[in-house]
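# Structural features, examined
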Amino acid sequence: MLLCRGSALSRTVARWGRRSQPGDGLLHRTLSFSSSRCVSSGEVRAESGSAPGLYRDTVLLPRSEFPMKLTGQKLLEREVQTQQECGFADLYSWQRERKAKKEFCLHDGPPYANGDPHVGHALNKILKDIRNRFEMLRGRQIHFLPGWDCHGLPIELKALGELGTSGLSPLQIRQKAREFAQGAIARQKAAFQRWGLMADWDQCYYTYDGAYEAAELKVFQEMHSKGLIYQDYKPVFWSPSSRTALAEAELEYNPEHVSRAIYATFPLSTLPPGMAPHGLEGGVSVLVWTTQPWTIPANQAVCYMPNAQYSVVNRADNSQLLLVATERTASVAALLGTELETVGTFTGSQLEGGICTHPTIPDKLVPLLPANHVTMAKGTGLVHTAPAHGMEDYSVASHFKLSVECIVDEDGKFTQLAGPELQNLPVMKQGTDRVISMLEDAGALVKEEQCVHSYPYDWRTKQPVVIRPSKQWFINTASLKDKAKEALQKVRVLPESARGSLLSMLDRRTYWCISRQRSWGVPIPVFYHRETGEPLINKHIVSHIATLFKEKGSDCWWELPIETLLPDNVLKKSDAGPVTDYVRGEDVLDIWFDSGASWAAVLEESDTRADAYVEGKDQIGGWFQSSLLTSVAVRNKAPYKSLMVHGFAVSEKGEKMSKSLGNVVDPDVVINGGKEPSTPAYGADVLRWWVAESNIFSEVQIGPSALNSARDSIGKLRNTLRFLLGNLQGFDPRTQAVDPKQMHYIDQYMLHQLREYSIKVTDAYSEYDAGRAIRVLQAFINRELSSFYFSIIKDRLYCDPEDSLGRRSCQTVLEEILDGVTRSISPILPHLAEEVYLHAPGHDEGETLFRSGWIKSSSVWRRPGLEEAVEGACAIRDSFLSSIPGKNAAQYDLTIAIEPGLLFELMESLQEEASSTSSQLAELMTVARVTLTCTLPRDLPPDALLSHGTFLINLEGGVIREDSAYSVAAVPTAAARCPRCRRYTAKSADCLCPRCQPIVSQAH
């Protein structure tokens, strides 16, 4: 599109081959500046020494009651007052009741109800609120129920404190745990409300609610009916410090764990047939390596890799014959500090049939067995196998029908089965010491070394776990894995790199232990036969228990007599004997199953998927996965359409927050201030800005520098908004707004820029990238507004007649900018946005921003031809300004020379006269006078400053292109500065300029 100034430009368009169509959007010049002709009679002259007082009241300077700065208690009171005046508490309910074509469901991953709110909560909850507010402003109905994860060992431990569980019944333990959780929930909920989160805080979900527990049991029932839940005796991660089984998601891996690793020998009592012909009858020993020596007494086999090569080597220092993987020979020789001479080499398959003597139990024989889990990365290529204490070891035992005998009790101590020398010793400490001594006494210890490696710890007690077998309830995740992966392919993951972690976590998980030996949780609805121990569980039982839980809560599992839990009609349907034959189970469900079933309890319809789950990266192996597995198991689909995975909050130095390091940042102190002067009250919006501005896909740093930066950024934004409000004093957009077609071109151009801004900021929010939204905002304010538009329009705003078309044109745009910028920051800064809205013109009393929608940009504002005109003028302006560094542009007259063509036509549309002090081109150039010509005059004064450049015009998607050259001559103006407007357009220093004369005359 082009700017047209009559038939001349139309002919130009025709020359360039552009077809003219009715209503094709050509911009017609409709407005020019007021005439600059001098008034010869009645001229207003300035009286010496009285100019400031004489004209101050005629200049329309910004005025606003909007405070420039709010700090300390005033800031806190203003935020709380804004929440009350603008109905923050009722906003969620209001938007649920309004009509909306689409719903946006962000399912809240429940925070753990075991402590005070922390910055991790702030990071997560504010991210969610930013997205919810954005979607609500766009007209969607938000479905967001805040929730809390209320069960589990950590709450139980904190609730009981030093009392422990001794002497307390399950109901007493549960009562204390519930009270503790309720206290934590109340504190967290109050903090979330203060942060400005939009929700109905009377309608939350809690995993200890009977209705929630009933929905969870329905998921359990569906999965059990499909054969996905089963009971088995197999190795699980066991926490001696908590005395319960743990799932993978309840582990933390300590990369600095130190183990006493050993190399030990298992003498070959029966050579494999494949080795017999090589004359090795004389005492070959299999060399194994392990980081857990305490498991040696439980050894049932030594495993090898069938396709690898193995060698019998002779130690040069003592002639001992050792069997090791050929690939590991050099490493073992270096470790032992001796040469190893190869006596014979065999394939792994030739080791089949070999039998070893156990090094500490002489009458026990253990076979050599093939296994796929053997690797050559460390050790000897021969793996000591204790099926009771290793996951891969258990797989070998299952295949070869080996014994899976547990020699470790619930406290992590050796049992009687380990022998009198080891009984009652803690396996990780004194037990390990004793086993190593026994190996040394038997002559089987070859080498001991310290090994620093990653080892699983209990996520709450921070103590190492062991692997031990016990009878537990499991989910067969192996059978769900492929379906889960398929479902995940239909899910959008942000960042995409997190998808790989999700898939690898699924691959590693062959089964999921869901039973816990605690009291505070949802009871597993199973009964056991008194004599046989056989479990009694089916859909009739689970359905009945779910109904009871919904009515009475899960405490009834302990409160009600077993006859009520297992009535005759249920026993009859179950083909079971009398109720006296059964006892109720004592295990509770894993809390990851609790929260993983939340989709069934919270999402409104059985086939509903949430639009988004938004949680920290620790949930890749936690809630994201447990929710996926349960939903795929029951509904064959993921419970979410998209996943957003964010990083953790860390200290300003990038360290994990720790009370011992003194680097914990309390969000309450961030908002309300602390006792020290270094911890001022920042308010909730600073906390929200910190979240929004951070790179949430990595670790998010917080500290004084980040918070001060956020406060300063909001302060600068506040000043910009105050400038806009101040210049809109007395303006009512409902009655005084100017139609875009009547506006100055630079005003139309800013509407075009505002529309581009609104598109960019909307895209950023849509991508969960509030940080990009902030960068787009700051670039728009700094580049388009402060450095450009504001500097150009101040003269027109302050000095034109109050009700003039030019000033109202400008105010119309300023009001649109104020409205657009305020709405664009509102998801991040709801308190500031509503405060601005209360001061902004054109609203009915009681109207709030969040009840009035998103940025209201119009497609009419998009004017590409206009863009070429204004940006062409800006290119010329930049060339001119670069020729007068450090000098005042207002003191110059410009002559702009452009050869006839598109650029000249565009500049003509900004200035009809050959020379003008009041044209739109003169306003854009911010100079005294502009003369537009085809060639520079030959009689330029000696002090003229010359500059040259080119501007590429690209219209109609490249159909019309022209690279136009221009020249600029800048000459110090001969005009005087007007004492009112201070432009250099007056005849003399004591004479008002032609624009100001009638204004002052009318005012007086």
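Residues numbered from 1 in each chain as written. Predicted model: local features only at pLDDT ≥ 70, side-chain atom pairs only at ≥ 80, totals over all residues. Heavy atoms only, no water.

## Things to note about the sheet that holds strand β33 (residues 929–933)
To keep it simple, the criterion reads: When DSSP locates at least two bridges between a pair of strands, those strands are taken to pair. Secondary structure elements are defined from DSSP: runs of H or I of at least 4 residues count as helices, runs of E of at least 2 residues count as strands, and each element is numbered from the N terminus. Between two residues, a contact is recorded if the distance between any of their heavy atoms is within 4.5 Å. Angles here are taken between N-to-C directions and fall from 0 to 180 degrees, while the axes themselves are lines fitted to C-alpha atoms, restricted in helices to the stretch in contact.
Pairing within the open sheet is mixed, and its five strands lie in the order β32-β33-β31-β35-β34. Edge positions in the sheet fall to β32 (915–916) and β34 (945–955), since each has one partner strand and no second. Against the sheet, helix α30 (residues 902–910) makes contact with β31 (892–898), β33, β34 and β35 (960–972), and its axis sits at roughly 55° relative to β35, the strand it touches most.

## Here we look at the pairing of strand β9 (residues 251–270)
The two faces of a sheet get side chains in turn, since along a regular strand they alternate between them. Bridge count between β9 and strand β18 (residues 445–458): twelve bridges; the pairing is antiparallel. When the sheet's bridge partners are listed, N254 is paired in β18 with Y455. Taken together, the six bridges between β9 and strand β10 (residues 284–290) define a ladder with antiparallel strand orientation. Residue T265 lies in a different strand from β10, and its bridge partner there is L287.

## Looking at the packing of aromatic side chains
What describes a pair of aromatic rings is the distance from one ring centre to the other and the angle between the planes of the rings. The criterion, for reference: Here is the rule: rings of Phe, Tyr and Trp (six-membered ring for Trp) pair when centre to centre is within 6.5 Å. Planes less than 30 degrees apart are stacked, more than 60 are edge-to-face, and the remainder are tilted. Whether a residue is buried, partly exposed or exposed follows from its accessible area with a 1.4 Å probe, protein chains only, as a fraction of its type maximum: under 20%, in between, or over 50%, in that order. Working rule: Lys NZ or Arg CZ, within 6 Å of ring centre, within 35 degrees of ring normal, means a charge sits over the ring.
Within the structure shown, the criterion is met by 26 aromatic pairs. Ring geometry for Y206 and Y208: centres 5.9 Å apart, planes at 25°, overall stacked. In this pair, the class of Y206 matches that of Y208, namely buried. Where Y208 meets W520, the ring centres are 6.4 Å apart and the plane angle is 55°; that geometry is what we call tilted. Within this pair, whereas Y208 is found in the loop between β6 (205–206) and α8 (210–225), its partner W520 is found in the loop between β22 (515–516) and β23 (527–529), the two being separated by 312 residues in sequence. Both residues of the pair, Y208 and W520, belong to the buried class. Three or more aromatic residues link up through ring pairs in this structure, and these residues are W148, F192, W195, W201, Y206, Y208 and W520. Residue placement shows R133 over the ring face of F88; its charged tip is 5.1 Å from the ring centre.

## A closer look at unusual backbone geometry
In this chain, L494 is followed by P495 through a cis amide linkage whose omega measures -5°. Along the chain, the position of P495 falls in the loop between β20 (492–494) and α13 (497–508). Unusually for a residue other than glycine, N424 sits at a positive phi of about 75°. For N424, the position within the fold is in the loop between α10 (391–400) and α11 (430–441). Phi at R982 takes a positive value of approximately 70°, unusual for a residue other than glycine. With respect to the helices, strands and loops of the structure, R982 is situated in the loop between β35 and α32 (996–1003). Taking the relative accessible area as the measure of exposure, R982 reaches 56% and is therefore exposed.

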